[in-house]
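# A look at the structure
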Amino acid sequence: MLEQVVVAVFGIDEEDRVCYWGPGAQNLFGHEAPAVLSRPAAVLFPEPAPGDGPGGAAQLVERARALGYWRVRMPALHRDGSVFNCGFRVFPMTGSTGGSVVMGLASRGDELDRVKTNLSFLDSLFETCPIGLVMLDEELRYVHLNQALADMDGVPLEEHLGRRMADIMITSDGGEYQRMLRSVAQEGRTVIGTLVGLRTPGHPDRDQVRSVSFFPLSGAGDSRRGAGGLLLDVTDREQAILEATAARQRLALLDRASARIGTTLDLNTTARELVDAVVPDFCDASVVELVEWMDETEAFDPALPVTTRRIASGTTLPEPAVELVSGLEKVTYPPGSNIHQMLSTGRPLCFTVDEDFATRTVVHQERAQLLLDSGLTCILMAPLIARGTVQGIAMFGRSAARPAFAEEDLGLAGELASRAALCLDNARLYSRVQDIALTLQRALLPSAPAAGPYVDISHRYLPGSRVTEVGGDWYDAIELSGDRVALVVGDVMGHGVPAAAAMGRLRITAKTLARHTAEPAALLEELDVCAQEAGIEWATCLYLLYDPHTGRARIANAGHLPPLVRHRDGTVHTIGDVLGVPLGVGGVPYRAVEIELPEGATVALYTDGLVEARGQDIDTGMDALREQLRAPLGSLEEAADRILANLLPDTATDDAVLVLARVSAAPRRPPAG
């Protein structure tokens, strides 16, 4: 108060003279003590107007002695001659000698008005403000607070007073909040809008978030130093923000997962994509397992064990979590397990990892202990169901470092599992079609082509990777009368079962025609007619007929890549001067050329999958094949393996055929007659 308002203390004796003059009086009236003591008190007041009665000093003395205490506002006179409004409080006092003195307290009226307004505002603020208000001393004890803060704490107002704030606002931040308050009270720091998480004795089961602002108290006069504060409960606001943020994160995760899962039609890749999409954004560990049904049409029986094959896993946790998720490929869950419960409901379920969960879920005791030691505290299981069939199980695990799975997480897991299940089912169905096409193609290709005594044959067929469909590549070696040998290689446009079936028809037809058609060009013309009748729109074919008794070969080509001939000295040349339109086009005659194949020459027939690659010109692939053929061949089997290994990547995108045929001459036939 003394810091806010200048209070003058003075005394007037029985003769109405100034007998006491305090420092505040000098500040207020401008007179130094020697200049005013013993002078008439009227010097402190302006002269009264004629007819207005006694002056200010006479009124103060008269009323003080008559009433014992008088409070009044009247004009006062400053030493510089200015007049100002002043508030007075006067009362009589009797000294030790029996004399009477009137003591006066005076302050400027405008300063009194300001302080009164401030005090009125503060009183109203503490009574009606909905924001929590508090005053703390240097020891951070409650000195004053309003009802709004008491209600916020759930503790009566009077039970706060004298207690430390740490006893009411209980935080789990390692003392950071208390250190912040001490820096305000002791160092004069100001804190604005800091968020604090806490609980109070009045609401022990409710987590709160408060926005707090604190400022230092000055400690003016004899008042205590400390801190003043404003506290606002923003729990609902922060919770809404957290929920909105979590919802956006879930949608973003679902969007990313949708883009990443199902990029191929490979089962293992699809499962791996699901794990990569959720770890670590959604969980700390995840596995994907396919259920091994004896019969997919058989209804799920909860009384029987469930056997799965784990095809993808991942975790950010250290051992033993790594061993837990990746240590097994085949997993068996006993009847009554949580897996059975989840499969029975067909919905995602969440479980706490404890002794009961481990015992009911894991068959082997050491694996159960591994689960308990892994650091996972909860596991969310979701069935992978597509087209009414349970494909498998997706499991997501969290450690204590994350919050437990909420209801919204169950919905997200169900959506992720649903999308992944459809992709897995597509991959499964595609894999079956691939297997059918590959089985059909291999069944239609020759397992051991007959080549006769004068032609040594090595052949290779390499299907593309599992993410590409089986093509229509084919080859054959046909033993004919007179020790002749026909070599055939071709490629049907398209993939899958239709291409494999078309390939089989052309191969069988070509083999039949070879036994009855001596001229290669005529054979291709007949084969072209058959292709048109079968609806085969585009297929390439190279037909080479070798006669070991003449050492010559006749070649006809229906749009296929040219054969290469390697001589015994290592030189390689291309037979590229014969080319016709592909089979199925029709209307264009074919022609044949005749070449000499010297003793020990090796003919290389192949399909485009061997020399053509994405981003690479086919001429580059042809040059690479020629370079491989120039190297010493040795055994044709070893040569075929070496050429495939050097020319094809680990994941070929197309089928590839390579046929190596080394010729030798037969004895010349005696002239007729």
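Quantities reported herein were computed from a predicted structural model and do not represent experimental measurements. (Residues numbered from 1 in each chain as written. Predicted model: local features only at pLDDT ≥ 70, side-chain atom pairs only at ≥ 80, totals over all residues. Heavy atoms only, no water.)

To continue, consider the side chain of histidine 459. Along the polypeptide, histidine 459 turns up in strand 17 (residues 455-462). Judged by relative accessible area, histidine 459 falls into the buried class, the value being 18%. Within the local environment of histidine 459, its side chain forms a polar contact with the side chain of tyrosine 475, the two groups lying 2.9 Å apart. (Helix = DSSP H or I, 4+ residues; strand = E, 2+ residues; numbered from the N terminus. Buried < 20%, exposed > 50% of the residue type's maximum accessible area, 1.4 Å probe, protein only. Polar contact = N/O pair within 3.5 Å; in protein donor to acceptor, adjacent residues only side chain to side chain.)

Time to look at the packing of aromatic side chains. Throughout the structure, instances matching the rule amount to eight aromatic pairs. Measuring from centroid to centroid gives 5.6 Å for phenylalanine 282 and phenylalanine 405, while their planes differ by 45°, and the two rings are tilted. Placement of the pair is phenylalanine 282 in the loop between helix 9 (267-278) and strand 11 (285-291) and phenylalanine 405 in the loop between strand 16 (389-399) and helix 14 (407-444), with a sequence separation of 123 residues. Judged by its relative accessible area of 2%, phenylalanine 282 falls in the buried class. Through a chain of ring-to-ring contacts, three or more aromatic side chains come together here, namely Phe10, Trp21, Phe29, Phe45, Phe84 and Phe88. Lying across the ring of tryptophan 70, arginine 63 places its NZ or CZ 5.1 Å from the centre. The side chain of arginine 398 reaches across the aromatic face of phenylalanine 282, ending 5.1 Å from its centre. (Phe/Tyr/Trp six-rings, centres within 6.5 Å; stacked < 30°, edge-to-face > 60°. Lys NZ or Arg CZ within 6 Å of the ring centre and 35° of its normal.)

We now examine the sheet that holds strand 7 (residues 142-145). Taken in spatial order, the five strands of this open sheet run 7-6-10-9-8, and their pairing is antiparallel. Each having just a single partner strand, strand 7 and strand 8 (191-200) make up the two edges of the open sheet. Pairwise comparison of adjacent strand axes, ignoring direction, gives a mean angle of 30° for this sheet. Seen against the sheet, helix 7 (residues 176-187) touches strand 8, strand 9 (203-217) and strand 10 (226-233) and runs at an angle of roughly 20° to strand 9. (Pairing = 2+ DSSP bridges. Axes fitted to C-alpha atoms, helices over the stretch in contact; angles between N-to-C directions. Contact = heavy atoms within 4.5 Å.)

Here we take up the pairing of strand 7. Side chains on a regular strand alternate between the two faces of the sheet. Looking at chain direction, strand 6 (residues 132-137) and strand 7 are connected through three bridges and run antiparallel. Of the residues in strand 7, the one forming a bridge with methionine 135 is histidine 144. Connecting strand 6 to the next strand, strand 7, in antiparallel fashion are four residues, including leucine 140 with a positive phi near 60°.

A word on the environment of threonine 540. Locating threonine 540 in the fold gives a position in strand 20 (residues 539-547). We classify threonine 540 as buried; its relative accessible area is 11%. Considered as a pair, threonine 540 and histidine 560 are 20 residues apart in the sequence and their alpha carbons are 4.9 Å apart. In contact with threonine 540, not counting residues within four places along its chain, are Trp474, Val489, Gly490, Asp491, Ala558, Gly559 and His560. In this structure the side chain of threonine 540 is engaged in a polar contact, spanning 2.8 Å, whose partner is the side chain of histidine 560.

Okay, the pairing of strand 25 (residues 602-606) next. Most of strand 25 sits out of view: five of its five residues are buried. Side chains of strand 25 alternate between two faces, with Thr602, Ala604 and Tyr606 and Val603 and Leu605 buried alike. The pairing of strand 22 (residues 564-566) with strand 25 spans three bridges and is antiparallel. Paired with leucine 564 across the bridge in strand 25 is alanine 604.

Turning our attention to the environment of alanine 247. Counting through the fold element by element, alanine 247 comes out in helix 8 (residues 235-260). Exposure remark for alanine 247: the relative accessible area of 30% places this residue in the partly exposed category. Considered as a pair, alanine 247 and glutamate 408 are 161 residues apart in the sequence and their alpha carbons are 8.3 Å apart.

Read across the sheet, six strands follow the order 13-12-11-16-15-14 without closing on themselves; strand pairing throughout is antiparallel. For this open sheet the edge positions go to strand 13 (330-333) and strand 14 (349-352), each flanked by a neighbour on one side alone. Put simply, the sheet's adjacent strands are angled 30° from each other on average, direction ignored. Note that strand 12 (residues 306-315) and strand 13 share four bridges and pair antiparallel. Paired with threonine 308 across the strands is valine 331, a residue of strand 13. Contacts from helix 11 (residues 338-345) reach strand 12, strand 13, strand 14, strand 15 (376-386) and strand 16 within the one sheet, and its direction differs from that of strand 15 by about 40°.

Applying the stated criterion across every chain yields a total of 25 salt bridges. Arginine 367 is the salt-bridge partner of glutamate 323, the closest N and O atoms lying 3.3 Å from each other. With a gap of 44 residues between them, glutamate 323 in helix 10 (residues 321-326) and arginine 367 in helix 13 (residues 365-373) connect regions that are remote in the sequence. One salt-bridge network, held together by shared partners, links Glu519, Arg552, Arg554 and Glu594. (Salt bridge = Lys/Arg side-chain N within 4 Å of Asp/Glu carboxyl O.)

With that out of the way, let us pick up the nonpolar core. Counting 35 residues, the largest nonpolar core has Leu274, Val278, Phe282, Val288, Leu384 and Phe396 as the members making the most contacts within it. For this core, the elements supplying multiple residues, two or more each, are helix 8, helix 9, strand 11, strand 12, strand 15, strand 16 and helix 14. Sort the elements by how many residues they give to this core and helix 14 lands first, with ten residues. Discounting chain neighbours no more than four positions away, the residues touching valine 288 are Ala271, Leu274, Val275, Arg309, Arg310, Ile311, Ala312, Leu384, Ile393 and Leu424. (Core = buried A, V, L, I, M, F, W, Y, C linked by side-chain atoms within 4.5 Å.)

This part takes up helix 11. Those residues of helix 11 that sit buried are Asn338, Ile339, His340, Met342 and Leu343. Elements in contact with the buried residues of helix 11: strand 12, strand 13, strand 14, helix 12 (355-361), strand 15 and strand 16. Regarding helix 11, its N-cap is serine 337, as a side-chain oxygen of that residue lies 3.3 Å from the backbone nitrogen of isoleucine 339 further along. Once helix 11 finishes, glycine 346 follows within two positions and takes phi at roughly 75°, a positive value.

Okay, a nonpolar patch on the surface next. A surface patch of nonpolar side chains, amounting to about 310 Å² of accessible area, comprises Met493, Trp538 and Val585. Following the sequence through the fold, tryptophan 538 ends up in the loop between helix 16 (520-533) and strand 20. (Patch = residues over 30% accessible without salt bridge, like charges linked within 9 Å, V, L, I, M, F, W, Y side chains within 5 Å. Areas by Shrake-Rupley, 256 points an atom, 1.4 Å probe, with all protein chains shown as cover.)

Now for the packing of helix 18 (residues 618-630) against helix 19 (residues 636-647). Helix-helix packing: each pair is described by the crossing angle between the helix axes and the interaxial distance. Relative orientation of the contacting elements helix 18 and helix 19 amounts to 145°, with a least axis distance of 10 Å. Here the hand of the crossing between helix 18 and helix 19 comes out right-handed. Two secondary-structure elements touch here, helix 18 through Ala624, Leu625, Gln628 and Leu629 and helix 19 through Arg642, Ile643, Asn646 and Leu647. The residue makeup of the contact of helix 18 with helix 19, split by class, is five nonpolar, two polar and one charged. (Left-handed = near helix turned anticlockwise from the far one by under 90°. Nonpolar A, V, L, I, M, F, W, Y, C, P; charged D, E, K, R; others polar.)

Across the junction of valine 279 and proline 280, the peptide omega takes the value 10°, indicating a cis bond. Although it is not a glycine, aspartate 483 adopts a positive phi angle of roughly 65°. Checked against the element boundaries, aspartate 483 lands in the loop between strand 18 (471-479) and strand 19 (485-495).

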